[in-house]
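Coordinate analysis (summary)
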Amino acid sequence: MKIRQGDVVHVLRGKDRGKEGRVIAALPKEGRVLVENVNMVKRHQRPRPISDSSRMGGPQIIPGGIVEKAAPMPVSNVMVVCPTCKKPTRVGTVTKTVKDRTVRVRVCKNAGCGQEIDKL
């Protein structure tokens with residue numbers, strides 16, 4: 001999977017087509033990513049006590065109700081946004097030597113850009 005946690009991605013398909021957001025979590029085994037403020041779903045949550053609330057003095061409770069949260073979406077529906085040219089791009093890899101180690105670095109595949117996506 002060429003998308004990692006913290007990347008800014010552009011949504012290609014679905015109800016949020018055209019939106020951009022930061023990846024909260026990458027789930028490579030499932031082939032999905034969680035993007036903040038994209039693919040929001042409503043879930044009913046019951047009130048629950050907070051564990052280890054001994055410092056605060058009394059039992060703290062997380063309120064219940066209808067909660068909106070991001071749902072995982074297929075990784076094929078998003079595209080990484082290059083931090084240099086600010087456009088959605090395909091991702092390539094280049095091997096590079098840093099401090100006597102060979103490291104694979106992700107690069108932008110847009111014509112004329114070719115800059116590194118990863119900051120080492």
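See the structure printed just above.
A quick note: this is a predicted structure, and the numbers were derived from the prediction, not measured. Every chain's residues receive numbers from 1 upward, in the order its sequence appears when written. It should be noted that, the model being predicted, local features are given only for residues of pLDDT at least 70 and side-chain atom pairs only at 80 or more, the latter also being counted only at that level, while totals for whole chains, interfaces and linings use all residues. As a rule here, side-chain values cover all heavy atoms of the structure and leave hydrogens and water aside.

The next point concerns the environment of valine 9. With respect to the helices and strands, valine 9 occurs in strand β1 (residues 8–11). On a C-alpha basis, the gap between valine 9 and glycine 21 in space is 5.6 Å, while along the polypeptide they are 12 residues apart. In this view, valine 9 contacts Ile3, Lys19, Glu20, Gly21, Val23, Val35, Val78, Met79, Val80 and Val81; residues no more than four positions away in its chain are not counted. Per the convention used, a helix needs a DSSP run of H or I reaching at least four residues, while a strand needs a run of E reaching at least two, with both numbered from the N terminus. Contacts: residue pairs with any heavy atoms within 4.5 Å of one another.

The salt bridge definition used is simple: a Lys or Arg side-chain nitrogen within 4 Å of an Asp or Glu carboxyl oxygen. Evaluated as defined, the whole model comprises 5 salt bridges. Taking the shortest distance from any N to any O, the salt bridge between aspartate 7 and arginine 106 comes out at 2.7 Å. Of this pair, aspartate 7 sits in the segment before β1 while arginine 106 sits in strand β12 (residues 101–108); the two residues are 99 residues apart in sequence, bridging distant segments of the chain. Grouping residues by exposure puts aspartate 7 and arginine 106 together as buried. A single network of salt bridges, built from pairs that share partners, joins Arg4, Asp7, Arg106 and Asp118. Remark: exposure states derive from per-residue accessible area (1.4 Å probe, protein chains only) relative to the maximum for the residue type, with buried under 20%, exposed over 50%, and partly exposed in between.

In this fold, asparagine 77 is placed in the loop between β8 (73–74) and β9 (78–81). Between N or O atoms, a polar contact is any pair within 3.5 Å; within protein, one atom must be a potential hydrogen donor and the other a potential acceptor, and residues adjacent in sequence are included only when both atoms are from side chains. A distance of 3.1 Å separates a polar atom in the side chain of asparagine 77 from a polar atom in the side chain of arginine 13. Apart from residues no more than four positions distant in its own chain, asparagine 77 is found in contact with His10, Val11, Leu12 and Arg13.

Moving on: the sheet that holds strand β3 (residues 32–35). Here the rule is simple: two strands pair whenever DSSP picks up at least two bridges between them. The 6 strands are arranged β8-β3-β2-β1-β9-β10 in an open sheet whose pairing can be described as antiparallel. Looking at the sheet topology across the chains shown, the edges are occupied by β8 and β10 (88–89).

Before going further, it helps to spend a moment on unusual backbone geometry. The backbone of asparagine 37 shows a phi angle near 60 degrees, a positive value even though the residue is not glycine. Tracing the backbone through its elements, the reader meets asparagine 37 in the loop between β3 and β4 (40–45).

Let's shift gears to the side chain of aspartate 7. With a relative accessible area of 10%, aspartate 7 lands in the buried category. Engagement of the side chain of aspartate 7 in a polar contact is seen with the backbone nitrogen of arginine 4, the distance being 2.9 Å. Within the structure, aspartate 7 has its side chain in polar contact with the side chain of arginine 106 (distance 2.7 Å). Discounting chain neighbours no more than four positions away, the residues touching aspartate 7 are Lys2, Gly21, Arg22, Val23, Val80 and Arg106.

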